Amino acid sequence: MGRKLDPTKKEKRGPGRKARKQKGAETELARFLPAVSDENSKRLSSRARKRAAKRRLGSAEFPETNKSPEAKPLPGKLPQGISAGAVQTADKKGTQSLFNAARGKKRPAPSSDEEEEDSEEDDVVNHGDLWDSEDSDADMVDDYGADSNSENEEEGEELLPIEKAARKQKAREAAAGVQWSEEETEDEEEEEEVTSESGPPKEEEADGGLQINVDEEPFVLPPAGEMEQDAQAPDLQRVHKRIQDIVGILRDFGAQREEGRSRSEYLNRLKKDLATYYCYGDFLLGKLVDLFPLSELVEFLEANEVPRPVTLRTNTLKTRRRDLAQALINRGVNLDPLGKWSKTGLVVYDSSVPIGATPEYLAGHYMLQGASSMLPVMALAPQEHERILDMCSAPGGKTSYIGMREGQAAQLMKNTGVILANDANAERLKSVVGNLHRLGVTNTVISHYDGRQFPKVVGGFDRVLLDAPCSGTGVISKDPAVKTNKDEKDILRCAHLQKELLLSAIDSVNATSKTGGYLVYCTCSIMVEENEWVVDYALKKRNVRLVPTGLDFGQEGFTRFRERRFHPSLRSTRRFYPHTHNMDGFFIAKFKKFSNSIPQFQTGNSETTTPTNVDLPQVIPKSENSSQPAKKAKRAAKAKQQLQKQQHPKKASPQKLNGISKGADSELSTIPSVTKTQASSRLQDSSQPAGKAEGIREPKVAGKLKQRSPKLQSSKKVAFLKQNAPPKGTDTETPAVLSPSKTQATLKPKDGRQPFGRAKGVEKQQLPEQPSKKAAFQKQNGTPKGLQSPTVSLVSSSHTPPAKRRKSQSRGNSQLLLS
Amino acid sequence: MRPLTEEETRVMFEKIAKYIGENLQLLVDRPDGTYCFRLHNDRVYYVSEKIMKLAANISGDKLVSLGTCFGKFTKTHKFRLHVTALDYLAPYAKYKVWIKPGAEQSFLYGNHVLKSGLGRITENTSQYQGVVVYSMADVPLGFGVAAKSTQDCRKVDPMAIVVFHQADIGEYVRHEETLT
């Protein structure tokens, strides 16, 4: 109905073409409006018609909308239409009784329903009658009159069968019980009246009873059976009243409870009512019930229905808060400073101009930003000349705030430092670009990466801000769809993504930064799974710790929640709620990274073993006991070659050390086989470094000491070789000494001289070693580096001194021989 | 991201010089650090060297913006100044035009400035001279080209255009997508 009804407009009459054109609405629609002949033939509006209908019918419970107007036109001019209509109504009633019977299965509908349905059905089906009747009325256009009558008759005739068919179909559908939806679509206004009143009829009566008795009797929980009948549109007033009643009862459960009803029944009823009244999904409401005590819960839900006040942040790069406030007041904006905690915030109460389009906004003097969004940047506290990463920066409010703070102190050095603003969403990045340019923040680089790709792209930032994508349960007032479309898996998916992002963010921070090393993690969610759980996860996985955020207001984060237990330092995190702080729900946590290394959980000692230790034991598992030194030697050589080729990750294990020692032993077993086998056996027995094995294990035992003298027992050289620098040094100094060490130092991955050395070592080891022992000792003592290590070795291998001495002597011998 | 070629630099400097003249030198030699122009996706960015180094780590297709975007080179290699350069043009502008409060909104919607909206204009502005447009409160609103010299402005009727619109800060809201 786009055309306006203008009762003063006269319709053109006459048989001409122009007269046949479409008239104004009043003429066209007069055919359909049923109230023409009703009540002084006055043209009533739809509401007036309804009122008239009500008056006619008289009873409040049975609002008959157009029944009588329909009835009246029925005895109109077209006998066919009329009679048909009458017949139809009669028939309809028959069908309607069927229909009502069908509907009765759904709910016990009193006769009122039937009558209502009658009226609706009449409405629906009688349109054809109306058309007929209206057309037959005198005040219809004559133009159509000549034709219209015939048309109407035809239409009437056409409609009659249509009506019949419709009736039949309705009867069928009534039997199937589907009619209800059709009627709903037809006439919604009437529907509402019908449903709301005949809604749950029992409850109506019960409600009526309640209302009567409310002062006399305490609240009675409806019996369990009735609870399920709230399927159709319940009375919201009643629900609200029930909510308040139940909350009151639960507060003082002992005194006010009804006998025989458990607390959980009350709680379940309350949950359902809250879900109905505030339009929440069951999952989210269950989570909220876990989070808040009941009184707070209702406040929280109420707060989510109302939008938070509009706040803005002055851009101190371009103006001062005082000046901006003055300029905006001149334009007609009603505002106030935000609070003691913010020096740049303003809250807008109302405005006569669009606050997002004033010339001051366009000039970049302020930014529309939620109050809670200002907090993470205040917690981050960026200093000048820092490199800052904002991982999820869209739409750029926090980034620009960082930029502003960075440039605040000095007028000369505005926009110091660098900010990398990143976001994974390309469209929202455009707003980042726009906002940053508008606000005049120039020290930024804007990138379009997935946040998890940091720090691979670039790392080493002084501070990082991570405003993680979340479920949005804190900003329900901005986006009511969150009430129903969030599910368990949504929350878990968000949490997973947040954990990944947080780990990437932590890795991007440079712990050794002079002024920084901080990370702020924040979400606009109130779910524990997305907040405390993620923070706790990060604390376990990385070398970070929580520090106070610097915000002196806000609720502390949870250290335990239901079955979960979190680190106690989580008390320094902050939670904000819409109902307590009048800002969007928010969570802020500030980390300090104290070490750049990433803790590994599989490896034990990362520093002690050489990478190539792995192979020896595998190749020569039990070589020490063999009585075939030659074979051992060969195997040792092979093993060492293999070791040389392969570089294995560092893994320390005594067994491997044993193997190494055994391998070393095997080399030397050719000549001093006796001693060495003995030593090796001892090595086997002892779990401590003895002889060569000693040297290998010494780093373990005295891991911190770097045993740098290769002249010592070759095993020690092995240890040294793990630590790359010393062997080289020693190599240059004592090449002769080195070669035998290299035999045992085949473990060292770098040496290409090992096979050569090995061969040498093998040969030389076969020479008598004893005469060289002393020399070796002397040599060992002579080298500066070796000073510490011999003592160390002596100390560590105190368990088997004789073997050790023998071994050292032998090694020294071998070394001397090489020299 | 790459530095500008000679030709591109020349074209760009010519354009900028229309508005700020020889003050252009101040853009390049700044006391607080070395700034340079870089080209990325046909857009020219004005950025300090420190920031450029960080941006060099980012791959080309992922880099969206750096520093301040001054404008872009069109397909025919002409340089077009964007409103985002206003912050750097405004302090060094040689020829300025102030418009009355009533005409602000019209200019911010992208319309030209009429004589009726003209508040003040710098003396000896020549015709087709690049000008920066201010509000009466000395807030830079955009820039344009003088349609009439100052002398002619006095003589012309109130409905005549005196400043052709080229860019205004309303574009931050109207053309947000094209800024990137």
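Residues numbered from 1 in each chain as written. Chains lettered and ligands numbered in written order. Predicted model: local features only at pLDDT ≥ 70, side-chain atom pairs only at ≥ 80, totals over all residues. Heavy atoms only, no water.

Colleague: Can you walk me through the overall build of chain B in this structure?
Modeller: In terms of regular secondary structure, chain B is built from seven helices and 13 strands. A burial count over chain B gives 51% of its 180 residues as buried. Taking as baseline every contact in chain B between residues at least 6 positions apart, the subset at least 24 positions apart corresponds to 60%. Approximately 8500 Å² of chain B is accessible, and the part contributed by carbon and sulfur atoms is 52%. (Helix = DSSP H or I, 4+ residues; strand = E, 2+ residues; numbered from the N terminus. Buried < 20%, exposed > 50% of the residue type's maximum accessible area, 1.4 Å probe, protein only. Contact = heavy atoms within 4.5 Å. Areas by Shrake-Rupley, 256 points an atom, 1.4 Å probe, with all protein chains shown as cover.)

Colleague: Explanation requested: the overall build of chain A in the structure shown.
Modeller: What chain A contains, in helices and strands, is 36 helices and 15 strands. Across the 819 residues of chain A, 54% fall into the buried class. When contacts within chain A are restricted to residue pairs at least 6 apart in sequence, those whose partners lie at least 24 apart make up 71%.

Colleague: Before we go on, may I ask you to explain the sheet that holds strand β2 (residues 333-339) of chain A in this structure?
Modeller: Picture the strands of a sheet paired through backbone hydrogen bonds; they go either parallel or antiparallel. All names here are of chain A. If you walk across this open sheet you meet the four strands as β2-β3-β1-β4, and the pairing is antiparallel. In this open sheet, the two strands that pair with only one neighbour each are β2 and β4 (366-368). Averaged over all adjacent pairs, the angle separating strand axes in this sheet is 35°, with direction ignored. One ladder, built from three bridges, connects strand β1 (residues 310-314) with β4; its direction is antiparallel. Looking at the pairing, Thr-314 lines up with Tyr-366 of β4. Each of β1 and β4 touches helix α20 (residues 426-439); the most contacted strand, β4, lies at about 155° to it. (Pairing = 2+ DSSP bridges. Axes fitted to C-alpha atoms, helices over the stretch in contact; angles between N-to-C directions.)

Colleague: Hey, could you run me through the environment of Pro-101 of chain B in this one?
Modeller: Residues and elements named next belong to chain B. Relative to the helices and strands, Pro-101 is located in helix α5 (residues 101-108). Pro-101 sits in the exposed class, given a relative accessible area of 56%. C-alpha of Pro-101 to C-alpha of Gly-119: the two residues are 18 residues apart in sequence and 8.9 Å apart in space.

Colleague: Please clarify how the packing of aromatic side chains should be interpreted in this entry.
Modeller: For any two aromatic rings, the description comes down to two numbers: the centre-to-centre distance and the angle of the planes. Here the structure, examined in full by the defined rule, presents 19 aromatic pairs over all chains. Taken together, a centroid distance of 5.1 Å and an interplanar angle of 70° make the contact between Phe-292 of chain A and Tyr-577 of chain A edge-to-face. Of this pair, Phe-292 of chain A sits in the loop between α14 (282-291) and α15 (294-305) while Tyr-577 of chain A sits in the loop between β14 (574-576) and α24 (578-581), and the two are 285 residues apart along the sequence. Across the pair, Tyr-577 of chain A and Phe-292 of chain A agree in class, each one buried. Measuring from centroid to centroid gives 5.1 Å for Phe-37 of chain B and Tyr-46 of chain B, while their planes differ by 40°, and the two rings are tilted. Across this residue pair, the class does not change: Phe-37 of chain B and Tyr-46 of chain B are buried. Counting every residue linked through ring pairs, the aromatic cluster contains Phe-13, Tyr-35, Phe-37, Tyr-46, Phe-70 and Tyr-88 of chain B. (Phe/Tyr/Trp six-rings, centres within 6.5 Å; stacked < 30°, edge-to-face > 60°.)

Colleague: In this structure, what is going on with the confidence of the model for chain A? I would like to understand it.
Modeller: Low pLDDT marks regions whose predicted coordinates should not be analysed in detail. All names here are of chain A. Mean pLDDT over chain A: 67, with 48% of residues reaching 70 or higher. Scored below 50 in pLDDT, residues 178-216 makes 60 contacts in the model with residues more than four places away or belonging to other chains. Counting interchain partners and residues more than four positions distant, the pLDDT-below-50 stretch residues 409-413 has six contacts. (pLDDT = per-residue confidence, 0-100.)

Colleague: Got a minute to help me understand the pattern of salt bridges in this structure?
Modeller: For side chains of opposite charge, pairing can occur when their charged atoms come near one another. Applying the stated criterion across every chain, the model contains 30 salt bridges over all chains. Notably, a salt bridge pairs Glu-529 of chain A with Arg-564 of chain A, separated by 3.7 Å at the nearest N-O pair. Of the two residues, Glu-529 of chain A is situated in the loop between β9 (518-523) and α23 (532-541) and Arg-564 of chain A in strand β13 (residues 564-565); the sequence distance between them amounts to 35 residues. What makes Glu-529 of chain A buried here is its relative accessible area of 7%. For Arg-564 of chain A, a relative accessible area of 21% puts it in the partly exposed group. As a salt-bridge pair, Glu-8 of chain B and Arg-2 of chain B come within 3.0 Å of each other at their nearest N and O atoms. The exposure class of Arg-2 of chain B is partly exposed, given its relative accessible area of 35%. Taken together, the shared-partner salt bridges in this structure form one network comprising Arg-242, Arg-269 and Asp-273 of chain A. (Salt bridge = Lys/Arg side-chain N within 4 Å of Asp/Glu carboxyl O.)

Colleague: It is not clear to me how the packing of helix α22 (residues 488-508) of chain A against α23 of chain A should be interpreted in this structure. Could you clarify?
Modeller: Residues and elements named next belong to chain A. The N-to-C vectors of α22 and α23 enclose an angle of 40°; their axes lie 10 Å apart at closest approach. Classed by the angle they form, the pair α22 and α23 counts as oblique. In this structure, α22 crosses over α23, and the sense of that crossing is right-handed. Contacts from Leu-492, Ala-495, Gln-498, Lys-499, Leu-502, Leu-503 and Ile-506 of α22 reach α23 at Trp-533, Val-534, Val-535, Tyr-537, Ala-538 and Lys-541. (Parallel < 35°, antiparallel > 145°, perpendicular 65-115°, else oblique. Left-handed = near helix turned anticlockwise from the far one by under 90°.)

Colleague: Would you mind showing me how to read the layout of surface pockets here?
Modeller: Residue and element names in this part refer to chain A. Taken as a whole, the largest pocket spans an internal volume of roughly 1200 Å³. Lining the largest pocket are 50 residues, with Ser-373, Lys-398, Asp-467, Lys-478 and Cys-524 positioned closest to its centre. Of all the secondary-structure elements, those providing two or more residues to the lining of the largest pocket are β1, β4, α18 (371-380), α19 (397-406) and α22. Of the residues assigned to the lining of the largest pocket, the class counts are 25 nonpolar, 14 polar and eleven charged. (1 Å grid on protein atoms, 1.4 Å probe; cavity = no way out; pocket = protein on both sides within 12 Å on 5 of 7 lines; lining within 4 Å. Points joined across faces, edges and corners; volume = space filled by probe spheres on them. Nonpolar A, V, L, I, M, F, W, Y, C, P; charged D, E, K, R; others polar.)

Colleague: What is the right way to read the interface of chain B and chain A from this model?
Modeller: Put simply, an interface is often sized by how much accessible area is lost when its parts join up. With 31 residues of chain B at the interface, the matching set in chain A holds 33 residues. Across the chain B to chain A interface the summed buried area is about 2700 Å²; carbon plus sulfur atoms make up 65%. The tally of links from chain B across to chain A stands at two salt bridges. The partner of Glu-104 of chain B in a salt bridge is Arg-331 of chain A, with the nearest N and O atoms 3.9 Å apart. Joining chain B to chain A, the criterion identifies seven residue pairs in polar contact (both at pLDDT 80 or more). Among the secondary structure elements, those contributing two or more residues to the side of chain B that touches chain A are α3 (49-56), β5 (63-66), β6 (68-73), α4 (86-89), α5 and α7 (171-174) of chain B. (Buried area = accessible area lost by both parts, 1.4 Å probe. Polar contact = N/O pair within 3.5 Å; in protein donor to acceptor, adjacent residues only side chain to side chain.)

Colleague: Can you walk me through the environment of Lys-62 of chain B in this structure?
Modeller: Tracing the chain through its elements places Lys-62 of chain B in the loop between α3 and β5. Its relative accessible area of 24% is what places Lys-62 of chain B among the partly exposed residues. Beyond its immediate chain neighbours, meaning those up to four positions away, Lys-62 of chain B contacts Ile-446, Ser-447, His-448 and Tyr-449 of chain A.

Colleague: Where do I start with α15 of chain A in this structure?
Modeller: In an α-helix, one turn spans 3.6 residues; hence positions three or four apart end up facing the same way. All names here are of chain A. Over its twelve residues, α15 runs 17 Å from end to end, which matches the ideal 16 Å to within 8%, given 1.5 Å per residue. Looking only at α15, the buried set comprises Leu-294, Leu-297, Phe-300, Leu-301, Ala-303 and Asn-304. Buried residues in α15 make contact with α11 (236-251), α13 (263-278), α14 and α24. (Expected span 1.5 Å × (residues − 1).)

Colleague: What exactly am I supposed to notice about the side chain of Arg-542 of chain A here?
Modeller: Residues and elements named next belong to chain A. Locating Arg-542 in the fold gives a position in the loop between α23 and β10 (544-547). Residue Arg-542 is classed as buried on the basis of its relative accessible area, which comes to 15%. The residues contacting Arg-542, other than those within four sequence positions of it, are Leu-503, Ile-506, Asp-507, Ile-598 and Pro-599.

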